[in-house]
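# Overview (structure and organization)
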Amino acid sequence: MEKSLDIQDDLSIFKEKANYLVLGGLGFIGKNFVEALIQLDCFEKLVIVDKKLLKLNSYIPKSKLPLYESPKIVVLQKDLSRDADVKAIFTEHGPFDYVVNLAAETRYDLGEDSHKRNTLKLADTCAREAAENKVKKFIQVSTAYVYASSSKPLNENGKLDPQKTHAKYALAAERAIFRIPDLNYIILRPTIAYGPYDTAGFVALNLMASAVYKINKEKMALLWEKEKKINMVHVEDICRAIFYAIEKGNKGDIYNLSNEENVTQQKFYDHLKNIFNIDIEIVGTIKTYLAKIKFDSVIAEFNDRHMRWWFKACQDYNINNSPLNIMVYREMLEGYDLCIDGSGIKKLGFSYKHPKVTEEEILEELKYLVDMQYFPNVLDS
């Protein structure tokens with residue numbers, strides 16, 4: 001849990017101490033990026049804005065809270081979709097050299113209005129204010145889900161055809177930013193992120209599912225094919241890419257972020273099979289299509305069973321207040337291939353420190369959840 005991102009090897013690319021504004025700085029990627037900034041000590045002033053209160057953010061270990069107490073750091077709770085709140089941030093706490101937007105709606109259980117407000121409106125409002133205040137660079141962290149489903153790697157010129165709600169509004173946010181005059185913006189499009197502080201992402205959800213299947217000694221069944229693409233990128237590499245974009249990127253650059261492994265269902269779930277010692281079956285396209293005939297009832301049954309299992313597991317392991325959510329939604333289970341070429345950013349001198357997903361990295365994420373007392377320690381049982 002105490003392990004920090006090791007980015008000291010990149011320290012030489014920084015030539016100045018700047019003023020940073022990090023939007024969504026208490027989220028999964030945000031916390032990692034903020035801690036990287038603190039570790040590098042490359043800022044004169046750091047303003048972190050989030051919809052959550054720092055003191056109520058239970059995902060931050062108590063041992064890490066002192067990091068936020070520096071007189072050079074300000075943590076604000078604001079609604080970043082409101083013009084007045086955003087203007088106040090720049091007026092009262094600016095000027096800023098760099099703005100990093102890590103704030104977006106990614107939950108699957110919310111309606112379109114929430115995505116429109118908390119992704120599209122938020123990005124447009126903050127980017128316009130950044131342009132008006134002449135920030136040096138505005139880094140928009142989007143998603144690789146803006147691309148069409150493809151079994152072959154897509155580069156930054158790949159077909160754009162987002163299928164998931166959060167990705168549709170992420171692409172709309174990118175296009176809104178494109179239209180802002182005099183904004184020096186760079187777009188980053190990461191694939192599935194994993195690593196420290198992941199509590200609601202793809203890996204965290206699958207860790208929960210693996211745990212309940214281990215406890216109940218049942219086989220886990222997965223939809224679609226073994227070769228379905230689920231490309232991934234470690235959060236440390238996302239943070240490093242942000243620094244490279246700030247230091248070396250040019251106005252209007254777009255970079256995909258995806259490790260070099262071209263992760264498939266087979267590769268990823270083999271790791272979980274080994275870690276948890278469970279049986280995992282990938283059922284294939286024909287059985288998947290049969291399940292889709294009654295998809296809503298299949299999902300309802302799936303969630304009912306898993307939630308009961310998860311609740312009982314938490315009770316049995318004396319976990320009284322886990323914030324983790326094991327529910328799945330239709331958009332998560334669609335047959336979408338996320339296959340991305342993440343090599344374009346290498347022209348900035350960037351290289352991936354995590355070129356493939358390893359069992360050690362998955363275990364590190366699991367250890368964080370167990371240490372925070374959010375997750376039953378099934379591996380020691």
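Residues numbered from 1 in each chain as written. Predicted model: local features only at pLDDT ≥ 70, side-chain atom pairs only at ≥ 80, totals over all residues. Heavy atoms only, no water.

Another point: a nonpolar patch on the surface. Side chains of I286, L290 and I293 sit close together on the surface and give an oily, nonpolar patch of about 380 Å² of accessible area. Examined against the element boundaries, I293 turns out to sit in the loop between α8 (285-292) and α9 (295-316). Classification of I293 by relative accessible area gives exposed; the value is 70%. (Patch = residues over 30% accessible without salt bridge, like charges linked within 9 Å, V, L, I, M, F, W, Y side chains within 5 Å. Areas by Shrake-Rupley, 256 points an atom, 1.4 Å probe, with all protein chains shown as cover. Salt bridge = Lys/Arg side-chain N within 4 Å of Asp/Glu carboxyl O. Helix = DSSP H or I, 4+ residues; strand = E, 2+ residues; numbered from the N terminus. Buried < 20%, exposed > 50% of the residue type's maximum accessible area, 1.4 Å probe, protein only.)

For the rest of this paragraph, the subject is the sheet that holds strand β1 (residues 18-23). The strands making up a sheet associate through hydrogen bonds between their backbones, and the pairing can be parallel or antiparallel. Pairing within the open sheet is parallel, and its seven strands lie in the order β3-β2-β1-β4-β5-β6-β10. The open sheet has two free edges, formed respectively by β3 (73-77) and β10 (254-257), since each of these has just one partner strand. Strand-to-strand, the axes of this sheet are offset by a mean angle of 15°, without reference to chain direction. Two elements, strand β6 (residues 185-190) and β10, share four bridges in a ladder whose sense is parallel. If you follow I187 over to β10, its bridge partner there is I254. Contacts from helix α6 (residues 235-248) reach β1, β4 (98-101), β5 (137-141), β6 and β10 within the one sheet, and its direction differs from that of β5 by about 150°. (Pairing = 2+ DSSP bridges. Axes fitted to C-alpha atoms, helices over the stretch in contact; angles between N-to-C directions. Contact = heavy atoms within 4.5 Å.)

Residues L207, F268, F276 and F375 are the most contacted members of the largest nonpolar core, which totals 54 residues. Of all the secondary structure elements, the ones that give two or more residues to this core are α4 (165-178), β7 (192-194), α5 (202-216), β8 (220-222), α7 (265-276), β11 (280-282), α9 and α11 (359-371). Counting residues per element, this core draws most heavily on α5, at eight residues. In this structure, L207 is in contact with L272, F276, I362, E365, L366, L369 and F375, ignoring residues within four places of it in sequence. Among the nonpolar cores identified, the runner-up in size contains 43 residues, and V22, L40, Y244 and I246 belong to it. (Core = buried A, V, L, I, M, F, W, Y, C linked by side-chain atoms within 4.5 Å.)

A word on the confidence of the model for the protein. For the protein, per-residue confidence averages 92 on the pLDDT scale, and 96% of positions sit at 70 or higher. Under a pLDDT of 50 for its full length, residues 1-5 has, in the predicted model, 18 contacts with residues more than four places off or in other chains. (pLDDT = per-residue confidence, 0-100.)

With that out of the way, let us pick up unusual backbone geometry. Here the amide bond leading from G94 into P95 is cis, since omega sits at 0°, within 30 degrees of zero. Of note in the backbone geometry, N277 takes a positive phi value of approximately 55° without being a glycine. The residue N277 is located in the loop between α7 and β11 in this model. Even without being glycine, Q373 reaches a positive phi, approximately 60°. For Q373, the position within the fold is in the segment after α11. Assessed through its relative accessible area of 62%, Q373 is described here as exposed.

Looking now at the pairing of β1. Residues in a regular strand project their side chains so that they alternate between the two faces of the sheet. Of all six residues that make up β1, six are buried, and the element is covered over most of its length. Of the two faces of β1, the one lined by A18, Y20 and V22 and the one lined by N19, L21 and L23 are each fully buried. Relative to strand β2 (residues 43-50), β1 is paired through six bridges, and the arrangement is parallel. Opposite L23, over in β2, you have V49 as the bridge partner. One crossover worth recording links β1 to the parallel β2 by way of helix α1 (residues 28-40), and it is right-handed. The pairing of β1 with β4 spans four bridges and is classified as parallel. When the bridges of β4 are listed, Y20 appears paired with Y98. (Right-handed = clockwise from strand over helix to strand, strands pointing away.)

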